[in-house]
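These are the residues of each chain, in order.
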Amino acid sequence: MNDSHFDLVVIGAGPGGYVAAIRAAQLGLKTACIDKRDTLGGTCLNVGCIPSKALLHSSEKFEEAQEHLAEHGVKVGKVELNLDALMARKDRVVEDLTKGIGFLFKKNKVTSITGSARIAKKGEVVVSAAGKDATYTADNILIATGSEVTPLPGVEIDEERIISSTGGLALTRVPKHLVVIGGGYIGLELGSVWRRLGSKVTVVEFLDGIVPNMDGEVGKAMHKTLEKQGMEFKLRTKVTAVKSTKTKVVLTVEPAAGGDTETIDCNVVLVSIGRIPSSANLGLENVGVEMDGDGVIQVDGNFKTNIDGIYAIGDVIPGPMLAHKAEEEGVACVERLAGQATNINYDAIPSVVYTRPEAASVGKTEEQLKNAGIAYNKGNFPFIGNSRARANGDTEGFVKILADAETDELLGVHIIGPDAGTMIAELALAMEFGASSEDIARTCHAHPTLNEAVKEAALAVEGAPIHI
Ligand code: FAD
Ligand code: NAI
C-alpha cells in the first residue's frame, strides 16, 4: 500500500475540511486532511465560533449576576470578575473540542497531516513542516483553507492594542475604552462581550446601519437595543488613521461622505471589517485555478474548480462565511464525488448573531423581496405577547414572517429575541420542505414556549394572531 497516495486530500481542517474528510472516509475514500495549525477545527474551533460563544456565555452570566438576578429574588454578594478564570474556561472548551476532532479522525481512519500545503501540480500536494517537504499524491484535492481577517489599509494589527477577533478573544485586561471598527457579526458579538465585562464600547460603522446584510427592521431593532445596553455607535463614519502612543490609541475618523475629521482616544481598537478568502500561497496560480480579484475561488455546481480533480468549499468560495455553510458544502462535495446527488438549498441557510437578544434569519429579507419585485405578505409578532418570554422576563424583540402573496410559501423569517438562534431551526426546516405560513400556523407548538411566537407570527400573516 502506498502511504503517500490518497483518493482525496483535503487542505484545511476547519468545519468545511474536517467534516468533508470524515464523510469521505465514511463513504470508503482513502482520505488525508492537512492543516498548518497544530490543533484541528480551523478558524471556527480555534479562534472563531467556539471561543467567541464561550466568552459570550460567560460574560452574559457575569452581567446577569450583576444586574438581573435580583429581579428574580436571588440575592448575591459583591460580584467580581476573574478574567483569568473566564479565559481559562474558554481555552479548555477549545482544547476539548479540537482534540475531539483528532479522535473523530482516528475513529473514521482519516490521516491527519500537520504542515503548510501547496498544490505543486494537478494531483500533487507538497506539505512543509519543520523545514522539511513531503509530497502526497491524490486522485482528488479539496481546498478548504477558509478565510482570514480583512486588513484596514495603513493599520497594523499587533493583537494587543490594535486587535483582530483573534486578539479580541484573548485580552488579558478589560480595556477601559474599546473602539470597534465595523458593526457586523464580530464587532457586535465581541463588543457585547467586553461591554458586559466593563468596557466602554464605541462602534464605528461605515454604512448607515449595523449588520447591513440582515433584514432592515431587525438591524434597526438591534441598533436600538444595543444602544440601550450602553454601546455607542458612530454610523456613516470612516476611520482614516489609527495611531498607538505610549498610553493610548488614537483614531482619526470622518463622515463617510467626507467632511471634518475628529479623533477618538481609546485603549484598544478591534478591526472587524470582514474576512477575505485564504487562497494565497497555495500554488493556485501555478496550476491555473480560477479566482476572482479578491482571491475567491470559482467553482461549478459540483464544487469543482476549472481544473479537473481540484475542488473547493467553505469560506474560500462565494457565499456567506459561516461554519454550517462550509460543513454542508463539504458533505455535498464528497458525496457527489462518491456518486450521490446531494443538493444544497442556499435559500435555507440560517444565520445568527449571538448578541443578547440574538438575531436569526433564514431566506430573503424584506429589502431583497422589494428589490426583486416579489409580492409578499408579512406577519409580525412581538415577544411581549409570548407568555414564556414574560415568565422569563426576556421580552425584547419580535418574529417576522414573509410569505409569498400568491402561494403563501415561506420566503424569509427574521427573529430578534431570546434564543432566536435555536428557534430559527424550525423555520429552516420548514423552508427546506417548501412550507407555507399556514403550515406553521396550523402546527401545534408546545405551551409555554418561545416558539409559540413563531406560530403567532404565522397567524399574523393572515392578520389573525391570537395573543396580541
Ligand atoms: P476555516 O475554519 O477558516 O479553516 C481553514 C483551515 O485551513 C485553517 O485551520 C487553516 O489553518 C487551514 N489552512 C489555510 N491555508 C492552509 C495551507 N496552505 N496549508 C494547510 N492548512 C491551511 N460562523 C458561524 O457559522 N457561527 C459562528 O458563531 C461564527 N463565529 C465566528 C466568530 C469569529 C470570531 C470568527 C472569526 C468567525 C466566526 N464564524 C462563525 C465563521 C466561521 O468560523 C467560518 O465560516 C468557518 O470557520 C469557515 O470554515 P472553513 O472550513 O471554510 O475554514
Ligand atoms: P461583517 O461583514 O459581518 O461586518 C463588517 C462590517 O464592517 C460591516 O457592517 C461593514 O459595513 C463594516 N465596514 C467595512 N469596512 C469598514 C470601514 N472601513 N470602516 C467602518 N466599517 C466598515 O464582518 P466581520 O464582523 O468582520 O465578520 C466576518 C465574518 O465572519 C462575518 O461576515 C461572518 O461571515 C463570520 N462571522 C459569523 C458569526 C456568526 O455566525 N455568529 C460571528 C462572527 C463572524
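Structure's up top.
Colleague: Explain the overall build of the protein to me, please; I cannot follow it from the model alone.
Modeller: If you tally the helices and strands in the protein, you get 14 helices and 22 strands. The globule rule puts the C-alpha radius of gyration for 468 residues at 23 Å, and the 24 Å found for the protein is close to it. On the principal axes, the C-alpha backbone points of the protein span a range of 65 × 60 × 50 Å. For the protein, the residues scored as buried account for 49% of the 468 residues in total. In the protein, once contacts between residues fewer than 6 apart in sequence are set aside, the share between residues at least 24 apart is 62%. Per element, the accessible surface of the protein, about 22,000 Å² overall, is 50% carbon and sulfur.

Colleague: Just checking my understanding: could you explain the environment of A138 for this structure?
Modeller: Following the sequence through the fold, A138 ends up in strand β6 (residues 132-143). A relative accessible area of 7% places A138 in the buried class. Measuring from C-alpha to C-alpha, the distance between A138 and G209 comes to 47 Å, with 71 residues separating the pair along the chain.

Colleague: Which parts of the structure should I look at to understand the sheet that holds strand β10 (residues 200-204)?
Modeller: Two pairing modes exist for strands in a sheet, parallel and antiparallel, and in both the strands are linked by backbone hydrogen bonds. Read from one edge of the open sheet, five strands run β8-β15-β9-β10-β11, paired in parallel fashion. In the strand order of this sheet, the two ends are held by β8 (162-163) and β11 (232-234), each with one partner. Note that β10 and β11 share three bridges and pair parallel. Residue pairing across strands places T202 opposite E232, the latter belonging to β11.

What counts as what
- Residues numbered from 1 in each chain as written.
- Chains lettered and ligands numbered in written order.
- Predicted model: local features only at pLDDT ≥ 70, side-chain atom pairs only at ≥ 80, totals over all residues.
- Heavy atoms only, no water.
- Helix = DSSP H or I, 4+ residues; strand = E, 2+ residues; numbered from the N terminus.
- Rg over C-alpha atoms; globule rule 2.2 N^0.38 Å.
- Buried < 20%, exposed > 50% of the residue type's maximum accessible area, 1.4 Å probe, protein only.
- Contact = heavy atoms within 4.5 Å.
- Areas by Shrake-Rupley, 256 points an atom, 1.4 Å probe, with all protein chains shown as cover.
- Pairing = 2+ DSSP bridges.

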